[in-house]
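Geometric and topological summary
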There are 2 protein chains.
Amino acid sequence: MFAFTLVLDGDSKTPLYEQIYAYIKNEIRNGKIECRSKLPSARALAEYLQISRSTVDMAYAQLVSEGYIESVPCKGYYVCEISLLYDIAPQKHNDILYAKEDKKENLIDFTPNGIDLEYFPFNTWRKITKSVLNVDNKEMFGNGDSMGDMELRSSICSYLFEARNVHCSPEQILIGAGNYYLTTLLCRIFDDDKVIAMESPTYQRAYNIFRTNGRNVVTVKVDGDGINMEMLKSCKADVVYVMPSHHYPLGTVMPISKRVELLKWANESDGRYIIEDDYDSEFRYHGKPVPALKGISENNNIIYIGTFSKSIAPGLRISYMVLPEKLLEIYRRKLKFCSQTVSRIEQATVREFIEGGYFERHLNRMRAVYREKHDMIIAAFKENSDVIRISGENAGLHLLLEVNNGMTEDELIAAAGKNGVRVYGMSENFNSGAEIYRSGIILGFAIVNKEQIEEGIKRLKEAWLK
Amino acid sequence: MFAFTLVLDGDSKTPLYEQIYAYIKNEIRNGKIECRSKLPSARALAEYLQISRSTVDMAYAQLVSEGYIESVPCKGYYVCEISLLYDIAPQKHNDILYAKEDKKENLIDFTPNGIDLEYFPFNTWRKITKSVLNVDNKEMFGNGDSMGDMELRSSICSYLFEARNVHCSPEQILIGAGNYYLTTLLCRIFDDDKVIAMESPTYQRAYNIFRTNGRNVVTVKVDGDGINMEMLKSCKADVVYVMPSHHYPLGTVMPISKRVELLKWANESDGRYIIEDDYDSEFRYHGKPVPALKGISENNNIIYIGTFSKSIAPGLRISYMVLPEKLLEIYRRKLKFCSQTVSRIEQATVREFIEGGYFERHLNRMRAVYREKHDMIIAAFKENSDVIRISGENAGLHLLLEVNNGMTEDELIAAAGKNGVRVYGMSENFNSGAEIYRSGIILGFAIVNKEQIEEGIKRLKEAWLK
């Protein structure tokens, strides 16, 4: 029996039983109390420390529950065998300071990502959220349908029918936290041997997702009017990923003739699918929206992916995917256990935003806002049409510049950077290994405001045209 | 040149240009207008229809943008080559009615999933959300840090330090929409050849995630005090998944001796990792919380996974993972492009919920609520201790019953069901292929209220003990 050097602090915020527990635990850890040695009985220790028996009992119970000591019936408490050769002292709390991305003062960034939040209907959003967070809605905080709440899926279903001419049932719609997540699910739904064809250039994030998920991706080059069908037919792909309404980064619209060819290709053999990423089709500035590929197809082999990241806000992380019946069955069989990734509160908020007519109003407003910026840029470069060719216009949130001043893409970006303007290179969007057949500058106009566009283009001209 | 049979409806809500566009598009689709045939000039058609020239121009422009017709300079508009052999008529809008899960009247469901929302602080949550949705916070709607906003990660970091004795830096914390999502990311972070050891029984969802992500999972059986170390050492696993603070479904706490053995195993060779799923450690009813395994380890090979699904609400879909530096590097290299899956608004709300002290208060309250239910169940079965053995007590949101009345697990569940009580079988939690070494009944007590517990146990006794 060993001598206790424990001094209890009655004024401490730490309860007495915790002080005893901590003391004995450390004595054991530091090897001061040997394994298998017997602890004083709770009664004896209580007397010794002049405290109540129950306090010691609590301390001992905790030590038992954590496996430091064990109670041997009719004999008492013994220290367990714990190999202490191995140091289990906790490390110091290390606070690595994280590098904040340095935002250059008055740098004008024509990023193709993000949206213009200047006109976001905050009051409406607050109002809707408040009503959703009503106590009567407490089930909003509970588990929901793993594919997404049926109310939101129905709203999306009607929206797709009216706005995109897409015919589906709410059951086919799968809600998910962003296109990245939904695409990883697709990777699980497809058999591992499925070969996926992607254009080059294409949306590189999607390309990376398929690659990091171990998918076999073949690259098909893009002609003037879209994916090269001969290459697609000869490459043995089972699935093809396209953006028919507005190609990223080219900004081209896939013509009806090519759409029909693509649908024919998909129908030629079983298990062929088209993934239609309709990421920013809400924004078309002249004429009416181009219908979705899925909208003109009768057959059930198009996976349609849409998102609210551009049409409402990227911070929300809400995307959706329309699964063909056959893939829906596979999803239910293989991935039924995946829980939903989008908060029910925000599902309900978006639902109300759509049903209340706010979404349509917001889209109309933003279409006007973006159209103005879009037209500004085109007008500003008109006088330089001999050197700067603009393409991908009339839709989306970015334009493509072909600058024929002898500079390479890197030189153009560097020169712009020197003048305090960040622009983005087209070549980033070509699949690894694929030969670059065209360079260019991507000019996003969602985040920049009109003053910045004016100033930014002035700086670009100085950098490129002097 | 063909005769136009188009009749415009001036009163229709559809603009004239759209009527013209739709008419010509359908004529082309139906083959009534042949490929390569020339359309009337915009001027001629405008005169013929007695409408303004610009209206026809708009219709033609839309047809061009969708690739139905093309403009040949100095010649006019021609119909494009479109192979129409293939029918592209849209299908009818089919509304499959979805089967609502039929909630049996007065069925008492002792599900281990979900939480008690009766005491959720709705007003606080509403208040916080409202402040987060302030216009000055508009960046909340923009793109955030892909690993999660640093503010929330810092709050979680401090919480883990205080509540779980876990030492890490905010940079190591990765926010994600639920454990499912974070675990799939882990599958991408680990090399494909890594072998993952899982206990049997274990949390089947995690097991399924590793399997559906093509991971090689080996099963290790569980002894009284946790994973069998001999089996683990002999099975060539690189990674082991455990729940040391409260095993699901067994409810056991891993004793310090086994924790030390596990840490030694991880240290014995490079590239070995322990995944610690600390899913419900916030709820411990007698004595103080058992420290996390990561809390006692100095070395950097424990991946800690925590969630707010039980401690705040499952509807939120917010989990977090502490990555060892080495894996953090791999994540940054391989998965930098993955966007965050949790809404920034809810990240900020949870952050404020923690920082404002509401989280701690809520946990204390819920601990008391759950303790009362937990104690109720144990007390109610006390008189039947000869037939019904309870284990996994003192923590979490479920108990384990061993019913020795001669009935099989299925018979017990069926008998309970006949009496209007849903209980869950232990055997569901054994890995496929692994021999079941123990049957039992899982009794979750989070969702049921006190009246239901009383009535439910009455019914269970009728079903099992008569």
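Nothing here was measured: the structure is a model prediction, and the numbers come from that model.

1. Some words on the overall build of chain A
A count of helices and strands for chain A gives 15 helices and 16 strands. Since a compact globule built from 466 residues should have a radius of gyration of about 23 Å, the 31 Å found for chain A marks it as more spread out than a globular shape. Overall, chain A is about 95 × 55 × 50 Å in size when its C-alpha atoms are taken along their principal axes. Long-range pairs, those at least 24 residues apart, make up 71% of the contacts in chain A with a sequence separation of at least 6. Here chain A has roughly 19200 Å² of accessible surface; of this, 50% comes from carbon and sulfur atoms. Put simply, chain A has 58 plus and 63 minus side-chain charges, and the middle of one group is 1 Å from the middle of the other.

2. Focus: the pairing of strand β8 (residues 239-242) of chain B
Residues and elements named next belong to chain B. Here β8 shows two buried faces, one formed by V239 and Y241 and the other by V240 and V242. The sheet contact formed by strand β5 (residues 195-200) and β8 spans three bridges and is parallel. The partner of M198 across the bridge, within β8, is Y241. Taken together, the four bridges between β8 and strand β9 (residues 273-277) define a ladder with parallel strand orientation. Looking at β9, one finds that V240 is bridged to I274. Following the chain from β8 across helix α9 (residues 256-268) to the adjacent parallel β9, one finds a crossover that is right-handed.

3. Notes on the relation of the copies chain A and chain B
Both copies of the chain are related by a screw-like operation: a rotation about an axis and a shift along it. Least-squares fitting of chain A to chain B yields an RMSD of 0.1 Å, with the superposition described by an axial translation of 0.0 Å and a rotation of 180°. Such values leave the two copies arranged in the relation of a two-fold axis. The share of interface residues of chain A whose copies in chain B are also at the interface is 99%, consistent with both copies meeting through the same surface.

4. Observations regarding helix α11 (residues 344-355) of chain B
With twelve residues, α11(B) ought to run about 16 Å at 1.5 Å a step, and its terminal C-alpha atoms sit 16 Å apart, in line with that. With nine of twelve residues buried, α11(B) lies mostly within the body of the structure. Of all the residues in α11(B), the buried ones are R344(B), I345(B), E346(B), Q347(B), A348(B), T349(B), V350(B), F353(B) and I354(B). Each element contacted by the buried residues of α11(B) is listed here: α4 (122-132) and α12 (344-355) of chain A together with α4 (122-132), α5 (150-164), β4 (173-176) and α12 (358-382) of chain B. With its phi angle positive at about 85°, G357(B) sits one or two positions after the end of α11(B).

5. Considerations on the sheet that holds strand β16 (residues 441-444) of chain B
Residues and elements named next belong to chain B. Read from one edge to the other, the open sheet built from four strands follows the order β12-β13-β16-β15, with strand pairing classed as antiparallel. Single-partner strands in this sheet number two, and they are β12 (388-391) and β15 (424-425). With four bridges joining them, strand β13 (residues 398-403) and β16 adopt antiparallel strand pairing. Paired with L399 across the strands is L443, a residue of β16.

6. With respect to the interface of chain A and chain B
The interface is formed by 100 residues belonging to chain A together with 100 residues belonging to chain B. Of the roughly 8700 Å² buried where chain A meets chain B, counting both sides, 61% is carbon and sulfur surface. Counting every contact that joins chain A to chain B gives two salt bridges. The residue E118(B) makes a salt bridge to K138(A) at a minimum N-O spacing of 3.9 Å. Taken together, chain A and chain B are joined by 22 residue pairs in polar contact (both at pLDDT 80 or more).

7. Regarding helix α3 (residues 53-65) of chain A
Residue and element names in this part refer to chain A. Compared with the 18 Å implied by 1.5 Å per residue over 13 residues, the 18 Å span of α3 between its first and last C-alpha is a close match. All buried positions along α3 are accounted for by T55, V56, A59, Y60, Q62 and L63. Mapping the buried residues of α3 onto a view down its axis gives an arc of 160°, with all of them on the same face. Elements in contact with the buried residues of α3: α1 (16-29), α2 (42-49), β1 (69-72) and β2 (76-79). Remark: G67 follows α3 within two positions and exhibits a positive phi of approximately 80°.

8. Examining the pairing of β5(B)
Residues and elements named next belong to chain B. Extensive coverage of β5 is indicated by the burial of six of its six residues. Because side chains alternate across β5, one face comprises the buried residues V195, A197 and E199, and the other comprises I196, M198 and S200, equally buried. Of the pairings in the sheet, the one linking β5 to strand β6 (residues 216-223) comprises six bridges and is parallel in character. Paired with V195 across the strands is N216, a residue of β6. Note on the crossover from β5 through helix α7 (residues 204-212) to β6: the handedness is right-handed.

9. Thoughts on the confidence of the model for chain A
Interpretation of the predicted coordinates at a detailed level should be avoided for regions scoring low in pLDDT. Residues and elements named next belong to chain A. When pLDDT is averaged along chain A, the result is 88, and 93% of the positions lie at 70 or above. Predicted confidence is poor over residues 85-103, with pLDDT under 50, and the contacts of this stretch with residues over four places away or in other chains come to 35 contacts. Predicted as a complex, the structure gets a pTM of 0.83 and an ipTM equal to 0.80.

10. Some words on the sheet that holds strand β12 (residues 388-391) of chain A
All names here are of chain A. Strand order in the open sheet formed by four strands is β12-β13-β16-β15, and the pairing between neighbours is antiparallel. On the outer flanks of this sheet lie β12 and β15 (424-425), each paired with one strand and no other. Across two bridges, the pairing between β15 and strand β16 (residues 441-444) is antiparallel. Bridged to G425 within β16 is I441.

11. Concerning a negative patch on the surface
Residues and elements named next belong to chain A. A contiguous patch of negative charge on the surface is contributed by E162, E352, E355 and E360. When you line up the elements, E162 lands in helix α5 (residues 150-164). A relative accessible area of 65% means that E162 is categorised as exposed.

12. Structural notes on the domain arrangement of chain A
The domain boundaries assigned to chain A delineate domain 1 (16-81), domain 2 (126-356) and domain 3 (360-464). Relative placement of domain 1 of chain A and domain 2 of chain A: their C-alpha centres are 60 Å apart.

13. Thoughts on the nonpolar core
If you look at the biggest cluster of nonpolar residues, it comprises 136 residues, and the most contacted ones within it are W464(A) and W464(B). Here W464(A) is in contact with I388(A), L401(A), V403(A), N405(A), M407(A), L412(A), A415(A), A416(A), V423(A) and I441(A), once residues within four sequence places are set aside. Core analysis: the second largest hydrophobic core is formed by 84 residues, L182(A), M198(A), C338(A) and L186(B) among them.

14. Concerning the side chain of D149(B)
Note on placement: D149(B) falls in the loop between α4 and α5. At a separation of 2.9 Å, a polar atom in the side chain of D149(B) contacts the side chain of R344(B).

15. Quick look at the packing of aromatic side chains
For the structure shown, the criterion picks out 41 aromatic pairs over all chains. Ring centres of F308(A) and F359(A) lie 5.7 Å apart, and the angle between their planes is 75°; on these two criteria the pair is classed as edge-to-face. Here F359(A) lies in helix α13 (residues 358-382) and F308(A) lies in the loop between β10 (302-307) and β11 (319-322), a separation of 51 residues in the sequence. Assessed through its relative accessible area of 1%, F308(A) is described here as buried. Here the aromatic rings of Y285(B) and F445(B) are separated by 6.5 Å at their centres, their planes lie at 55°, and the arrangement is tilted. Taken together, the residues span a long stretch of sequence, with Y285(B) in the loop between β9 and β10 (302-307) and F445(B) in the loop between β16 and α14 (450-465) at a distance of 160 residues.

16. Concerning the environment of R365(B)
The topology assignment puts R365(B) in helix α12. C-alpha of R365(B) to C-alpha of Y119(B): the two residues are 246 residues apart in sequence and 8.2 Å apart in space.

17. As for the pattern of salt bridges
Think of it this way: side chains of opposite charge can pair up when their charged atoms draw near. Residues and elements named next belong to chain A. Counted under the stated rule, the structure contains 42 salt bridges over all chains. The shortest N-O distance in the salt bridge between D57 and R53 comes to 3.2 Å. Here R53 and D57 lie together in helix α3, a separation of four residues that amounts to about one turn. Of the charged contacts in the structure, one is a salt bridge between R153 and D145, with a shortest N-O distance of 3.2 Å. The exposure class assigned to R153 is buried, which follows from its relative accessible area of 1%. One salt-bridge network, held together by shared partners, links K221, D223, D225 and K258.

Cut-offs used in this document
Residues numbered from 1 in each chain as written. Chains lettered and ligands numbered in written order. Predicted model: local features only at pLDDT ≥ 70, side-chain atom pairs only at ≥ 80, totals over all residues. Heavy atoms only, no water. Helix = DSSP H or I, 4+ residues; strand = E, 2+ residues; numbered from the N terminus. Rg over C-alpha atoms; globule rule 2.2 N^0.38 Å. Contact = heavy atoms within 4.5 Å. Areas by Shrake-Rupley, 256 points an atom, 1.4 Å probe, with all protein chains shown as cover. Lys, Arg positive; Asp, Glu negative; His and termini not counted. Charge placed at Lys NZ, Arg CZ, Asp CG, Glu CD. Buried < 20%, exposed > 50% of the residue type's maximum accessible area, 1.4 Å probe, protein only. Pairing = 2+ DSSP bridges. Right-handed = clockwise from strand over helix to strand, strands pointing away. Least-squares fit on C-alpha atoms with pLDDT ≥ 70 in both. Expected span 1.5 Å × (residues − 1). Buried area = accessible area lost by both parts, 1.4 Å probe. Salt bridge = Lys/Arg side-chain N within 4 Å of Asp/Glu carboxyl O. Polar contact = N/O pair within 3.5 Å; in protein donor to acceptor, adjacent residues only side chain to side chain. Arc of directions from axis to C-beta. pLDDT = per-residue confidence, 0-100. Patch = residues over 30% accessible without salt bridge, like charges linked within 9 Å, V, L, I, M, F, W, Y side chains within 5 Å. Domains from an automatic or database assignment. Core = buried A, V, L, I, M, F, W, Y, C linked by side-chain atoms within 4.5 Å. Phe/Tyr/Trp six-rings, centres within 6.5 Å; stacked < 30°, edge-to-face > 60°.

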